[in-house]
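Coordinates in review
Here is what each chain is made of, one letter per residue.
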Amino acid sequence: MTSSPEGLVLRATEVHKHFGRLHILKGVSLDVRPRETVCIIGTSGSGKTTFLRCINHLEKIDGGSIEVNGHPIGYRMKNGRLVEDSERNISRQRTEIGFVFQRFNLFPHKTALENVTEAPIQVRGVSKQEAVSDAEKLLARVGLADKKDTYPGKLSGGQQQRVAIARALAMKPALMLFDEPTSALDPEVTGEVLDVMEELAHEGTTMIVVTHEMGFAKRAADRVVMMDEGVIIEEGSPEHFFESPTHERTKAFLSKIL
């Protein structure tokens, strides 16, 4: 895909989402530039995960628009209005967006290497030789070169999540989404996943990270965004956020977790 005219990887504009009577997202707008790492923080139920899932069209939006590299995600113009796109086109669009979930969702019957090569071969049509070569490099990049022939059941939670990161990167996405990727991990292995993510950030991978790991946000984020009750109430540099936040809700949230 070509980049958008403004040079943005993501442009989300006035995004609304309802679940029945619940108004979860109430006009969320966010731009993300190439090579930028944006961390989204906030209390449970503030809409963070729903917003990520809307970016990947895992949830359909009820208003507004989301574009990745200048292309509407999940929708197309027909007779002057937006209509939902075909599953085939949506699947193609999703190849531009890597998603790392709280749970690893690895194929239990496939080795680490096979988990990473599956999508490039099946979806992108990459040759097996090329896919294996790329997967081996990615597993080395996340510190698991020696685990390529190991099945998920024999890997720790932290190792499984690092395989999941390598799997997402294997599609060479324009944008990586992380939904609290360490929340299901034991504390002693959380650091190994955060280290990989921090390295990706410093290498210039475009990332949106929903996280409660404030140390990671301080070290890796270019921008921190605070969500509360379905809206973005504050955003700024890590220095601004952790040293002089302006919104009372942000101050209250940070005082409880720092």
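In short, a report on the structure. (Residues numbered from 1 in each chain as written. Predicted model: local features only at pLDDT ≥ 70, side-chain atom pairs only at ≥ 80, totals over all residues. Heavy atoms only, no water.)

1. Details of the nonpolar core
Heads up, the condition is: Among buried residues, those of type Ala, Val, Leu, Ile, Met, Phe, Trp, Tyr and Cys that are joined through side-chain atoms within 4.5 Å constitute a nonpolar core. Whether a residue is buried, partly exposed or exposed follows from its accessible area with a 1.4 Å probe, protein chains only, as a fraction of its type maximum: under 20%, in between, or over 50%, in that order. A run of H or I in DSSP becomes a helix once it reaches four residues, and a run of E becomes a strand once it reaches two; helices and strands are each numbered from the N terminus. Residues count as neighbours in contact if any of their non-hydrogen atoms are within 4.5 Å of one another.
Counting 44 residues, the largest nonpolar core has Ile165, Phe178, Met197 and Met207 as its most contacted members. For this core, the element with the most residues is helix α6 (residues 187-203), which contributes seven residues. Once residues within four sequence positions are removed from consideration, Met197 is found in contact with Ile165, Phe178, Pro181, Met207, Val209 and Phe216. Within the second largest apolar cluster, 29 residues are counted, among which are Val28, Leu52, Ile55 and Ile208.

2. Topic: the side chain of Gln160
Applicable threshold: Whenever a nitrogen or oxygen atom comes within 3.5 Å of another N or O atom, the pair is scored as a polar contact, on the condition that within protein one atom can donate a hydrogen and the other can accept it, and that pairs from neighbouring residues in sequence are kept only if both atoms are in side chains.
Along the chain, Gln160 falls in helix α5 (residues 157-169). On the basis of relative accessible area, Gln160 is assigned to the buried category, the value being 16%. In terms of polar contacts, Gln160 uses its side chain to reach the backbone carbonyl oxygen of Pro152, at 3.4 Å. Within the structure, Gln160 has its side chain in polar contact with the backbone oxygen of Leu155 (distance 3.3 Å). Beyond its immediate chain neighbours, meaning those up to four positions away, Gln160 contacts Phe104, Leu106, Pro152 and Leu155.

3. Some points on the sheet that holds strand β8 (residues 97-100)
Strand pairing within a sheet occurs via backbone hydrogen bonds; the two strands may be parallel or antiparallel. Applied cut-off: Strand pairing is assigned whenever DSSP detects at least two bridges linking the two strands. Axis lines are fitted to C-alpha atoms, over the contacting stretch for helices. Their N-to-C directions set the angle, which ranges from 0 to 180 degrees.
Spatially, β8-β9-β10-β3-β11-β12 is the arrangement adopted by the six strands of the open sheet, whose pairing is mixed. Looking at strand neighbours, the two that pair on one side only are β8 and β12 (231-236), the edges of this open sheet. Strand-to-strand, the axes of this sheet are offset by a mean angle of 20°, without reference to chain direction. Relative to strand β10 (residues 207-210), strand β3 (residues 37-41) runs parallel, the two sharing four bridges. Looking at β10, one finds that Cys39 is bridged to Val209. Packed onto the sheet, α5 meets β8 and β9 (175-179) and runs at close to 170° relative to β8.

Treat this as a map of the structure, not an account of what it does.
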